[in-house]
Amino acid sequence: MTAAREQMLEKIRASLGRGRLTVERAAELEAGLSRPGPGTVPARGRPAAKDLIDTFRKEAERVDATVDVIENMTEIPSAIKSFLDSNELPPFLKIAPEPRLQAVPWSKEPGLEAAFGPAQAEDSAALGRAFAGVAETGTLVMASGPGSPQAMNFLAETHIVALWAGDIAGAYEDAWARLRKSDKGGIGGQFMPRAVTWITGPSRTADIEQKLLLGAHGPRRLHILIILSGR
Amino acid sequence: MRSTAKSFKINSRRAIADPKLQDALGRLSAGFPARRAAALDRLPEFDELREKARRIKDHTLENLDFYLERFEAKVREAGGRVHWAGDGAAAREIILDICLAAGARTVTKGKSMIAEEIALNEHLQRNGVRPVETDLGEYILQLMDEPPSHIIAPAIHLSKAQIIEVFRQKHKNLDPARPLDEPRRILDEARTLLRRDFLTADVGITGANLLIAETGSVCVVTNEGNGDLTMTLPRVHVVIASIEKTVPTLEDATTILRLLARSATGQDMSVYTTFATGPKRSPDSDGPEEFHVVLLDNHRTEMLGGPYNAMLRCIRCAACLNHCPVYKAIGGHAYGWVYPGPMGAVLTPHLLGPGRADDLPDASTLCGKCVEVCPVAIPLPDLLRRRRKDRFEAGRGSRIGRFAIKTWVMAARMPVLYRMLTGLAAVLLRYLSGGRGYISRLPLGGGWTGVRDFPAPQQGRTFMKQLKSGGK
């Protein structure tokens, strides 16, 4: 095992015509890792602050997500109920055990049978909270953790995501910067949660004669609730 | 995967004569290039991103030992394990050992070209572990016992009718009279059957689009969500990735991701882009308990720093396949192994070794479309020419071809003789054309005139003579 490791590293160095990197060069590269370059952010990823929500919405709808904008979190239950009703879906909802979502007044909507997760295979609709939204492509950034089980993003046919407007960023890089400052990693020296997933529209495939079909293995519907106030 | 790259010419002839395949290739040509073009129209910064991506990859390759060690350290820190595999056999053993240690009977698999490269499925099967492909295209191919014909759309060569036929044949427990005529029904059937495997598999195996040294994260991109179910539900997640997938930071990964889906399917971003870092953390309610990354060399280190170094920049988007007139005429299977199209014609001869895919570098008109669309600017036509040169210098290739090249070289070194011979040829060709401007049958030139006319030189004069007379 270690022999294979040494052999591969030796072959790399031999092909590059050099020995091990000098301590100085390695330190330079290490420093580069701790202050990553700014990236080339397309103009589309830098909308004016007032256009962030609109750009996000437009891009998310382009990739077949549906978007609903509500004023505050007390409206979440009724917004979800009416979404399920209008799509003729059963009024069951599995909710990620996330503090903000736990604080939603679920009892206000008695027609909705809501229970907190984790996800089960038979769930028909699941609700999670996005860590961020990226306007550039209408992408949701999900960060796994106790309040955001990863399987909840994939198992149910209908995936509903609560996205607070204040969490919408222009570009992916903005979301990385926020994640670096967060405590999402949950273990020492690591800001990355076990899984970060960018979601851009509902699951799809074009493997049968290049015909686009939604809902391959993941959700068939992706519904995004943008909540304007609070965060 | 067994290679038939040696019989490339026979494969191609068969492919061109296969009407079902030609239908499928027609759909491909109509689809991917137009969608890519539309995506690029919405991204004026594409060229800038492409230059940046090229630099990121070159920088990483120049310091690959550092970034691999750094990646390994970070994976360990997050509680995962990194395994180093010099070749396919070593990688297969490592993965089988992990599966056996986990007591695995069923493993789900995300789409991975590396797994095809090292023939992983066959090895697992021989040793009592059942691999289940979960990407819809790969699943169909597994039922048909066929290799993929495209690196991102593996079942692109199949028609709906062929898929329905194999579903009826292999899904024996279902009602034989069930309707399957709609693609939706085919998909739903696969979804239902595969759900069971997702929920019961002991190990999930995926490839990786990128390995991120900064965080020890593995980035996996899918549209179906099958990769994520494979990585999340089983107790053990194994990643198999070749070493050149490494990039330094999350920002670098982001730059490449901005190019990948646009170049591949014409999407701005694939549906699911997941960065997985280590196994389940203690407060998490899901995720694998074990996280393994198998780093595969399999001849990559030999390409590093040499004339084919640029090929290691490849991000496997398939744009070069989708725009290649040769790929679009013969499809992927004709190339005979895992990697088809221009990228495959450069890569396969190297990975299989001398004499085992010698015809592939000829599978190009050198039209240059591949380098034009490549998101990391790999000079594919130059590399293909270089492969031809290598073959010639190593004394391989057809005897007639070698004789022709040697004769031409001899003549070209004697300008007077050369001018005389070409002048003679021009007159002769004009005579053969009978004044029509084209020749439909040419002695010794049947390979050309069998499928198209040969243009006759205008006024029976060579190019040089026309040039001198100012094109008059």
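The structure we're discussing is the one just above.
Remember, predicted model here, so these are calculated numbers, not experimental data. Positions within a chain are numbered from 1, following the residues in the order the chain's sequence is written. Here chains are named by letter from A upward and ligands by number from 1 upward, in the order in which they appear as written. Totals for whole chains, interfaces and linings use all residues, but because this is a predicted model, local features are given only for residues with pLDDT of at least 70 and pairs of side-chain atoms are given and counted only at 80 or more. Computation of side-chain values: all heavy atoms of the structure, hydrogens and water removed.

A. Spatial organisation of helix α2 (residues 19-41) of chain B. Residue and element names in this part refer to chain B. Every helix listed is a DSSP run of H or I at least four residues long, and every strand listed is a run of E at least two residues long, numbered separately from the N terminus. Under the convention used throughout, the expected extent of a helix is 1.5 Å for every residue step, that is, one less than its residue count. Taking 1.5 Å per residue as the helical rise, α2 with its 23 residues ought to reach 33 Å, and the 34 Å between its terminal C-alpha atoms agrees with that figure. We call a residue buried when its accessible area falls under 20% of the maximum for its residue type, exposed when it is over 50%, and partly exposed in between, using a 1.4 Å probe and counting protein chains only. Leu21, Ala24, Leu25, Leu28, Gly31, Phe32, Pro33, Arg36, Ala39 and Leu40 are the residues of α2 that are buried. Contacts made by the buried residues of α2 are with α1 (8-16), α3 (46-62), α12 (250-264), α14 (319-322), α15 (325-330) and α17 (369-373). Contacts described as polar in this section are N or O atom pairs within 3.5 Å, which, within protein, must combine one atom able to donate a hydrogen with one able to accept it, while residues neighboring in sequence count only if both atoms come from side chains. The opening residue of α2, the one whose side-chain oxygen lies 3.1 Å from the backbone nitrogen of Lys20, is Asp18. Contacts between residues were defined by any pair of non-hydrogen atoms, one from each residue, lying within 4.5 Å.

B. Unusual backbone geometry, seen in detail. With omega at 20°, the peptide bond leading from Gly117(A) into Pro118(A) counts as cis. Mapped onto the secondary structure, Pro118(A) falls in the loop between β3 (113-116) and β4 (125-129). Positive phi is not limited to glycine here, since Arg316(B) has a value of about 60°. The residue Arg316(B) is located in the loop between α13 (300-303) and α14 in this model.

C. Seen up close, a nonpolar patch on the surface. Residues and elements named next belong to chain B. Exposure above 30% relative accessible area and no salt bridge define the residues that can form patches, which grow by joining like charges within 9 Å and nonpolar side chains of Val, Leu, Ile, Met, Phe, Trp and Tyr within 5 Å. With residues, only the protein chains shown are counted as cover, and all accessible areas are computed by Shrake-Rupley using a 1.4 Å probe. Each salt bridge in this description consists of a side-chain nitrogen of Lys or Arg and a carboxyl oxygen of Asp or Glu lying within 4 Å of one another. On the surface, a cluster of nonpolar side chains totalling about 490 Å² of accessible area is made up of Met410, Met414, Leu417, Met420 and Leu421. Looking at which element gives the most residues to the nonpolar patch, the answer is helix α20 (residues 415-433), with three residues. Turning to its location among the elements, Met410 is positioned in helix α19 (residues 399-412). Assessed through its relative accessible area of 54%, Met410 is described here as exposed.

D. Region of the structure containing empty space enclosed by the protein. Residues and elements named next belong to chain B. For each structure, a 1 Å grid was placed over the protein atoms alone; sets of points admitting a 1.4 Å probe that cannot get out are labelled cavities, open sets with protein on both sides within 12 Å along at least five of seven lines are labelled pockets, and lining residues have an atom within 4 Å of a point. Grid points are joined across faces, edges and corners, and a volume is the space filled by probe spheres set on the points. By the definition in use, this model includes four cavities of 30 Å³ or more. Taken as a whole, the largest cavity encloses approximately 110 Å³ of empty space. Around the largest cavity sit 16 residues that line it, and Cys314, Cys317, Cys320, Cys374 and Pro375 are the ones nearest its centre. Only Asp, Glu, Lys and Arg are considered charged in this grouping, and only Ala, Val, Leu, Ile, Met, Phe, Trp, Tyr, Cys and Pro are considered nonpolar; every other residue, Gly among them, is considered polar. The residue makeup of the lining of the largest cavity, split by class, is 15 nonpolar, no polar and one charged. Of the voids in this model, the second largest cavity is the one considered here, and its volume is about 70 Å³. Cys324, Pro325, Pro342, Ser364, Thr365, Leu366, Cys367, Gly368, Lys369, Cys370 and Leu384 are the residues that line the second largest cavity. Of the residues belonging to the lining of the second largest cavity, the class tally is seven nonpolar, three polar and one charged.

E. The sheet that holds strand β5 (residues 132-134) of chain A, seen in detail. In this scheme, strands are said to pair when DSSP sees at least two bridges between them. Reading across from one edge, β8(A)-β5(A)-β6(A)-β9(A)-β9(B)-β6(B)-β5(B)-β8(B) is the order of the eight strands in this open sheet, with mixed pairing throughout. Where the open sheet ends on each side, the last strands, each with one partner, are β8 (168-169) of chain A together with β8 (246-247) of chain B. Where β5(A) and β8(A) come together, two bridges link them in parallel fashion. Its bridge partner being in β8(A), Val134(A) is matched across the sheet by Ala169(A).

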